[in-house]
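Each chain is listed here by its residues.
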Amino acid sequence: MFDYLCYQHTAMCYIKKSKTPAILSVILLSGTLSAQESPKPFVTYPGPVGDYLKRIQQGRQAHSFDASVKFGQWQEKARGALIELTGLQQMEKDLGAFTPKIRLGQAEKTNEPFTRALCSIETEPGVVIPFYLLIPKDADPTQPLPLLLCPHGHDKLGLHSYAGAFKDEKHRQTVLEKEGDIGAQAARRGFVVIAPATRGLAEELLVPDPKGRHGNRPCRAQLIHCLLGGRTPIAERVWDMQRLLDWAEKHPLIDHTRFAMTGNSGGGVLTAYTAAIDTRIRVAIPSCSFTSVMSAEGFIFHCDCCLVPKLRDWGDWKELGGLVAPRHLLIIHGVKDGLHHRPTVEKLAANTKEIFKVSGAPNHTSHEWGNKGHRFYPGLMWPFIEKGLAESN
């Protein structure tokens, strides 16, 4: 709708200024509308290549949503298969005897209404995940607070950005220009916040690519090493989030019935997978990330490190959304985000809405467009988060 209104406004301005005859005005506007009814492809491939990609990437869709099957039964089977497919089940077997270790840092003094401490959790032998813990200064154990878990995407300073722990003035301006201090915002609103480093993306947790064999891309190097080990970066990252949730459940200042989760870009992908797999997340807001695995032409939208092999044999992102139902899911994108394709996103959001209807909670999902690019949209997010958590109680 946004695109059509923009084109319509442009056409009307042109007509007015050029004094175009009325009949020609109608033709111009009709042509504009027709163009909008047939959205352009996101990309184009040579014919044989395009046919090949669509054929091999179609997959079996074995857990594609089926409204004729009892909803709980579909979810149970689809979730179990997803846990196995990502490699998370293998990690559970390999690490079942490992006890995570938490190190709490000293809370730093700030002029904010919250304290901020840099902490860490060892989620598997030798893998230490730094995270910021933000706690409102007026927190009271008799009235535990909701939690926001906010993993970042492809930003090496991501956990510092989200927590408002800026390295310098340039970092501060860059983050605040896009309202990217989402953790600090949450703490100001009365949330306890865990802003963790994301494995393979944070400066503290990069997987080196010594000879540039994987394109000098640490996240891709992480993918290759994971695949050889029978897991995926998605599994590793979800595992880390779950270990943080285990700890948060026992924290005296946190209400374990009110867990929300968000992240932008790769952090949004992690939010979607974590919420699909772990029902402790009551409200999920994957920002600028929730889209189909591929476009109609066969283009793959997400980064290599978000790859789950044979996912199309399992289903697609509408099924990820369906696994969140009947909890709360906000799908949000920016109209100027060139990484995603608006028609693909809107089709997926509509399909996800239909699954939520079957779950009995049609109003627990929403789809919003921000007016800019690849970033957070707090003005659209916070009302949904707070309403969703209130309804979860």
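Up top you'll find the structure we're talking about.
Residues numbered from 1 in each chain as written. Predicted model: local features only at pLDDT ≥ 70, side-chain atom pairs only at ≥ 80, totals over all residues. Heavy atoms only, no water.

Caption draft 1: The arrangement of the overall build of the protein in detail. Helices and strands together make up the secondary structure of the protein, namely 15 helices and nine strands. For a compact globule of 393 residues, the expected C-alpha radius of gyration is about 21 Å, and the protein comes in at 22 Å, within 12% of that figure. Dimensions of the protein, computed from the C-alpha atoms along their principal axes, are close to 75 × 50 × 50 Å. Each of the 393 residues in the protein was classed as buried or not, and the buried ones make up 52%. Counting contacts in the protein only where the partners sit at least 6 residues apart, residues at least 24 apart contribute 70% of the total. With an accessible surface of roughly 18,500 Å², the protein has 55% of that area assigned to carbon and sulfur atoms. Here the protein carries 47 positive and 40 negative side-chain charges, and the mean point of each set is 3 Å from the other. (Helix = DSSP H or I, 4+ residues; strand = E, 2+ residues; numbered from the N terminus. Rg over C-alpha atoms; globule rule 2.2 N^0.38 Å. Buried < 20%, exposed > 50% of the residue type's maximum accessible area, 1.4 Å probe, protein only. Contact = heavy atoms within 4.5 Å. Areas by Shrake-Rupley, 256 points an atom, 1.4 Å probe, with all protein chains shown as cover. Lys, Arg positive; Asp, Glu negative; His and termini not counted. Charge placed at Lys NZ, Arg CZ, Asp CG, Glu CD.)

Caption draft 2: Fine view of helix H15 (residues 378-392). Its 15 residues give H15 an end-to-end C-alpha distance of 21 Å, which sits within 8% of 21 Å, the value for a rise of 1.5 Å per residue. Residues of H15 that are buried include every one of Pro378, Met381, Trp382, Phe384, Ile385, Gly388 and Leu389, and no others. The inward-facing, buried residues of H15 abut strand S4 (145-149), helix H8 (182-188), strand S6 (254-264), strand S7 (281-287), strand S8 (328-334) and strand S9 (365-370). (Expected span 1.5 Å × (residues − 1).)

Caption draft 3: Quick peek at the packing of helix H4 (residues 71-86) against helix H13 (residues 317-324). It is at 10 Å that the axes of H4 and H13 come closest, and there the two elements cross at 120°. Taken together, the axes of H4 and H13 are oblique relative to one another. For the pair H4 and H13, the crossing hand works out as left-handed. When H4 is examined against H13, the residues Phe71, Trp74, Gln75, Ala78, Arg79 and Leu82 are found in contact with a partner set consisting of Glu319, Leu320, Gly322, Leu323 and Val324. For the contact of H4 with H13, the residue count by class is seven nonpolar, two polar and two charged. (Axes fitted to C-alpha atoms, helices over the stretch in contact; angles between N-to-C directions. Parallel < 35°, antiparallel > 145°, perpendicular 65-115°, else oblique. Left-handed = near helix turned anticlockwise from the far one by under 90°. Nonpolar A, V, L, I, M, F, W, Y, C, P; charged D, E, K, R; others polar.)

Caption draft 4: Here's a closer look at the packing of H13 against helix H14 (residues 342-359). It is at 9 Å that the axes of H13 and H14 come closest, and there the two elements cross at 35°. Of the two possible hands of crossing, H13 and H14 adopt the one that is right-handed. Where H13 abuts H14, its residues Trp317, Lys318, Gly321, Gly322 and Val324 lie against Leu348, Asn351, Thr352, Ile355 and Phe356. When grouped by side-chain class, the residues that make up the contact of H13 with H14 number five nonpolar, four polar and one charged.

Caption draft 5: The arrangement of the sheet that holds strand S3 (residues 127-136) in detail. Pairing is mixed in the open sheet, where nine strands are placed in the order S1-S2-S3-S5-S4-S6-S7-S8-S9. Every other strand in the sheet has two partners, leaving strand S1 (101-103) and S9 as the edge strands with one partner each. Strand-to-strand twist in this sheet, taken as the mean axis angle between neighbours without regard to direction, amounts to 20°. Where S1 lies against strand S2 (residues 114-124), three bridges are found, and the strand directions are antiparallel. Within S2, the position partnered with Ile102 by the bridge is Ile121. Contacts from helix H11 (residues 266-277) reach S6 and S7 within the one sheet, and its direction differs from that of S6 by about 140°. (Pairing = 2+ DSSP bridges.)

All quantities given are derived from atomic positions and should not be read as evidence of function.
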